[in-house]
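# Residue-level structure breakdown
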Amino acid sequence: MNLEYLIQLTLSGMTRGSIYALIALGYTMVYGIIQLINFAHGEIYMIGAFTALIIATVLNMTGMPGVAVFIIAMIIAVVYSSAYGVTMESMAYKPVRRAQRLSALISAIGMSFFLQNYVLLAQTSDFLSFPKLIPRFAFLEGSRNFLTSTQVVIFAVTAVVMVGLTFLIKFTKIGKAMRATAQDKTMALLVGININQVIAVTFLIGSAMAAVGGVLISSHVGQINFYIGFLAGIKAFVAAVLGGIGSIPGAVLGSFVLGLTESFGAGYISSDYEDVFAFIILVLILIFRPAGLLGRAQSDKI
Amino acid sequence: MNNAVQELKKSLITSLWFMFLTFPIMVIRVNTVENIIRWRWSNMIFVGIFSFVMSYFWRGMLKKKERGDKLVDFSRFMPSKLRNLDIRETLADKKIAKPVLIILLLAALVFPFVAGMYQTSIMTTALMYIILGLGLNIVIGLGGMLHLGYAAFYAVGAYTYAILHRDFGIGFWVALPLGAVLAMLFGMLLGFPVLRLKGDYLAIVTLGFAEIVRIVLENWNDFSSGPSGIANIPRPSFFGMKLPLPTATIYIYMITLALVFFTIFVVRRLENSRLGRAWEAMREDAIASESMGVNITTTKLTAFALGAFWAGMVGVIFAAKTTFVNPASFTLMESVLVLCIIVLGGMGSTTGVIVGALIIVLLPEYLRAFSEYRMLLYGAVLVLMMVFRPNGIIQKVRKRYTVDISELSSGGSNE
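Residues numbered from 1 in each chain as written. Chains lettered and ligands numbered in written order. Predicted model: local features only at pLDDT ≥ 70, side-chain atom pairs only at ≥ 80, totals over all residues.

### Some thoughts on the environment of B:Thr120
Residue and element names in this part refer to chain B. On the secondary structure map, Thr120 appears in helix H7 (residues 117–142). Residue class for Thr120 comes out buried when judged on the 20 C-beta atoms lying within 10 Å of it. Through-space distance from the C-alpha of Thr120 to that of Asn31 is 43 Å; in sequence the pair is 89 residues apart. Residue contacts for Thr120: discarding those within four places in its chain leaves Pro112, Ala115, Thr249, Ile250 and Tyr253. (Helix = DSSP H or I, 4+ residues; strand = E, 2+ residues; numbered from the N terminus. Buried ≥ 20, exposed ≤ 12 C-beta atoms within 10 Å, placed from the backbone. Contact = placed C-beta atoms within 7 Å.)

Printed below as a string of structure tokens:
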């Protein structure tokens, strides 16, 4: 129980938390606007990671420097994931928007199966190793034991994405339109907001963030397969619910709580039960705060 | 003419979009071990042609749906006499319904003797899923609570039999009610903490509960033998006699069939009971039903407990049928599968659940020729189904109370 071990666990918890946050934001934004659990969101993250892996491997052979490859692969992954997200929305969710909520959920589950098996069939079921692209930073030499350069990149990119998202939601026109749509769709329509466009943009932003998360975690873990999206998606969803689904700061807070819980639980108690800790903390928090940490309890109108 | 050109243009754009979209994953195949890249340009051509054709149909179907037309008009293929027949009304007629049911029953009874062992085994699985579907239907279809942890109760039933047999040598017939009751207790255990939760919060907590059960089974080696599972569970015995494998298969089929009838009977009676109506009232509006005297706490708990009961029972049958249990059989996938059965068949409808279970279990079995593609098709079918027929194959007929208006007005004039 020494201090170094504690720091190491905290940092690894923060790393997980950052990745969960990047995925959970997509869940929570989509939920805030159309009240849909986008079950296929984890698959978008997986597709982002796969696209990056493919592009990076191809570019690596041309002998480009690692950092350049990383940035290009990341950009292409973001573009493709966003494209998948928007296409998915217009095909599987838009036609069921007016149907009962369970239909949209089943449609999302179907989409998740489809995308998983699409990647499985078009690529492979084996684990593919993700190329090492992030160089070892010189200034980290002293603290190499518990902080890798990939972790530093994860923290930095996550922070930049969070600040960017906050700016987008708070100060831009589309951000305002998104907040308005989340509050009241009919009213937003009446004041001239193009709801379809707002929903498409929400999916686009959410998918882009998921892709960033996918590329980052793949370069951290070092290998991916078609199934990685499933558990990541579930965990991120837990994080979003933990923080209060629909709330953006809630998703970030929930993700870090979840990441740290898992990390400490695995480190101090038992790594076999790592996933159990995630769900136990979820159940505990929801018993005492049924709308999540930062969610507002909705009172029913009678 | 202009319209047709426009349609072609739209399809062309869609097809180009999909060619772009699938480019990295369909065309490039990397081997990261040997650093070899294969370019599969032919795939791109397939995607282009396929999406071109599909987008044409897709838009046509969506338009039809918006107009409210029937998507596929089957009556065109029927002889003229049958064309104006309303199937539901015909079946509601007792004179026709009875013989139809008897024929179906006889067919189900004769089936294992006609079909082979393999077919019987598959059909038993389908029957098991009918019971699971009917059980989950109590929680989701009637109670309106989205439950994503049904596999946990299924696991409780299966492990009850496996562990009780391993440690105490208990047989199938004792384990069957025990597994069901134990699952029911687990249902109540889950019910208490989630009483206050609604909608998606409920969904994620039930999901979490199921995952906890599965992970504990996977890691608690002394209790459940961990991921390797428990083997050598005996098949049910016939009055103490051990049956040879082909007879045992038929025997399990018959037991499951009998339980299906038992389930249908009980669920039907429940639906029309005070409790069943309370469930439906709670689903429609919890606050209103509470003010009408429905006790929400007990109503919710009974829904969870009675839903779990059937899962526990099927769990015991599962353990006896496969003679082996391990945690991998009780993943979230299993819960989702049962959910899909309900939604595909038509929520709340008993016939719907039966049809849904038969489709979900039998379709992949008979699609084995395309076994690689079956999960892909399965996902696509779910999406298509929700887009074009969101209420399921067989929609539940809700109870209607009709008032004869002429009687009312004549009653008024008498005064």
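Continuing now.
### Remarks on the domain arrangement of chain B
Segmentation of chain B into domains returns domain 1 (2–75) and domain 2 (116–388). Put simply, the middle of domain 1 of chain B and the middle of domain 2 of chain B, counted by C-alpha atoms, are 37 Å apart. (Domains from an automatic or database assignment.)

### A look at the interface of chain A and chain B
Each partner contributes residues to the interface: chain A has 51 residues there, and chain B has 41 residues. Elements with a contribution of two residues or more to the side of chain A that touches chain B: helix H2 (41–61), helix H3 (66–93), helix H4 (101–122), strand S1 (128–129), helix H9 (228–243) and helix H11 (274–288) of chain A. Of the residues forming the side of chain A that touches chain B, the biggest block, 14 residues, is contributed by H4(A). Across the side of chain A that touches chain B, the residue classes tally to 38 nonpolar, 10 polar and three charged. (Nonpolar A, V, L, I, M, F, W, Y, C, P; charged D, E, K, R; others polar.)

### Some details on the packing of helix H1 (residues 3–34) of chain A against helix H8 (residues 195–221) of chain A
Residue and element names in this part refer to chain A. Orientation of H1 relative to H8, taken along the N-to-C sense of each, is 165°, at an axis distance of 9 Å. Classified by the angle between their axes, H1 and H8 sit roughly antiparallel to one another. Seen along the crossing, H1 lies across H8 with a hand that is left-handed. (Axes fitted to C-alpha atoms, helices over the stretch in contact; angles between N-to-C directions. Parallel < 35°, antiparallel > 145°, perpendicular 65-115°, else oblique. Left-handed = near helix turned anticlockwise from the far one by under 90°.)

### Quick look at the pairing of strand S2 (residues 36–39) of chain B
The sheet contact formed by strand S1 (residues 28–31) of chain B and S2(B) spans four bridges and is antiparallel. Across the sheet, B:Ile28 pairs through a bridge with B:Trp39, a residue of S2(B). (Pairing = 2+ DSSP bridges.)

### Quick word on the packing of H7(B) against helix H15 (residues 296–322) of chain B
All names here are of chain B. Packing of H7 against H15 leaves a shortest axis separation of 7 Å and a crossing angle of 165°. On the basis of their axis angle, the class for H7 and H15 is roughly antiparallel. Read as a crossing pair, H7 and H15 show a hand that is left-handed. Mapping the contact onto sequence places Thr124, Met128, Ile131, Leu132, Leu134, Gly135, Leu136, Ile138 and Val139 in H7 and Ala303, Phe304, Leu306, Gly307, Phe309, Trp310, Ala311, Met313, Val314, Ile317, Phe318 and Lys321 in H15. Here the contact of H7 with H15 is built from residues that sort into 17 nonpolar, three polar and one charged.

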